[in-house]
Amino acid sequence: IFSIKNFRFKPRFLGWDYERRREGDFYEVTRVPEGPKVSILVRTVARPAVLRECLISLRNQTYKNLDIVVVEDGPNKSEELIKSEFSDLPVRYFYSGEKVGRCEVANIAMDKAEGEFLNFLDDDDLFYSDHVETLVSEYLKHPGKEVYYSLSFECLTEYKSLEPLKYKEHLLISFLKQKYNKFKL
């Protein structure tokens, strides 16, 4: 805590700092101390500043049995960031060398995954801190299903600069609210 009397400080929350009440935010999660390894497959493309925020959202996960696979589409641009700032995370980094596209990078990530479950997360996306734990909790309550998914949000984002990273969020749209439908998913 701090006293604002002595500071010329105006609190301001940006990004995904939980300042908004989100749909589904009062879902009761059963805490999961142990469970299956979940591979988080991160596709990136020469945007270390954007990848940084993505990896911070993975650092903050309440569920810790993760296998984080980062695959860069093209030359090695992000390995130094991962080594210098995210050595505390179980990140394995790969790059394709030449540009091969999102689909091929996804295939590389799936081939490298070691977890029982896969969860994609592109470099410009973030997870709420309880995202993986919520899905694993559902798996433990209802084992035997092939797919577990949750409500997601799309946020229209305007990037002002990448170095330093500055952006403005304009619109928050929730989707995947319907009951499971293989074709819609």
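Refer to the structure presented above.
Residues numbered from 1 in each chain as written. Predicted model: local features only at pLDDT ≥ 70, side-chain atom pairs only at ≥ 80, totals over all residues. Heavy atoms only, no water.

K.L.:
Which parts of the structure should I look at to understand the overall build of the protein chain?
P.N.:
Each helix and strand counted, the protein chain has 4 helices and 6 strands in total. Listed N to C, the secondary structure of the protein chain is β-α-β-α-β-α-β-α-β-β in terms of helices and strands. Out of the 185 residues in the protein chain, the part that is buried amounts to 33%. For the protein chain, contacts bridging at least 24 residues in sequence account for 68% of all contacts bridging at least 6. When the accessible area of the protein chain is evaluated, it comes to approximately 12,400 Å², of which 52% is carbon and sulfur surface. (Helix = DSSP H or I, 4+ residues; strand = E, 2+ residues; numbered from the N terminus. Buried < 20%, exposed > 50% of the residue type's maximum accessible area, 1.4 Å probe, protein only. Contact = heavy atoms within 4.5 Å. Areas by Shrake-Rupley, 256 points an atom, 1.4 Å probe, with all protein chains shown as cover.)

K.L.:
Can you help me understand the side chain of Ser39 in this one?
P.N.:
Along the chain, Ser39 falls in strand S1 (residues 38-44). A polar contact is formed between the side chain of Ser39 and the backbone nitrogen of Glu114, at a distance of 3.3 Å. Ser39 has contacts with Asp67, Ala113, Glu114, Gly115, Phe117, Leu118 and Asn119, leaving out every residue within four places of it along the chain. (Polar contact = N/O pair within 3.5 Å; in protein donor to acceptor, adjacent residues only side chain to side chain.)

K.L.:
Could you clarify how one ought to interpret the pairing of S1 in this entry?
P.N.:
In the case of a regular strand, side chains alternate between the two sheet surfaces. The buried fraction of S1 is high, at 7 of 7 residues. Neither face of S1 is open: one carries Val38, Ile40, Val42 and Thr44, the other Ser39, Leu41 and Arg43, and all of them are buried. Strand direction decides the pairing type here: S1 and strand S2 (residues 66-72), joined by 7 bridges, are parallel. Bridging across to S2, Ile40 finds its partner in Ile68. (Pairing = 2+ DSSP bridges.)

K.L.:
Explain helix H3 (residues 102-112) to me, please; I cannot follow it from the model alone.
P.N.:
For an α-helix, the turn length of 3.6 residues means that residues three or four places apart are oriented alike. Restricting attention to buried positions, one finds in H3 the residues Val105, Ala106 and Ala109. The arc that holds every buried residue of H3, seen down its axis, measures 100 degrees, which confines them to one face. Across from the buried face of H3, at angles greater than 90 degrees, the exposed residues are Cys103 and Asp111. Of the surrounding secondary structure, the elements contacted by the buried residues of H3 are S1, S2 and strand S4 (117-120). (Arc of directions from axis to C-beta.)

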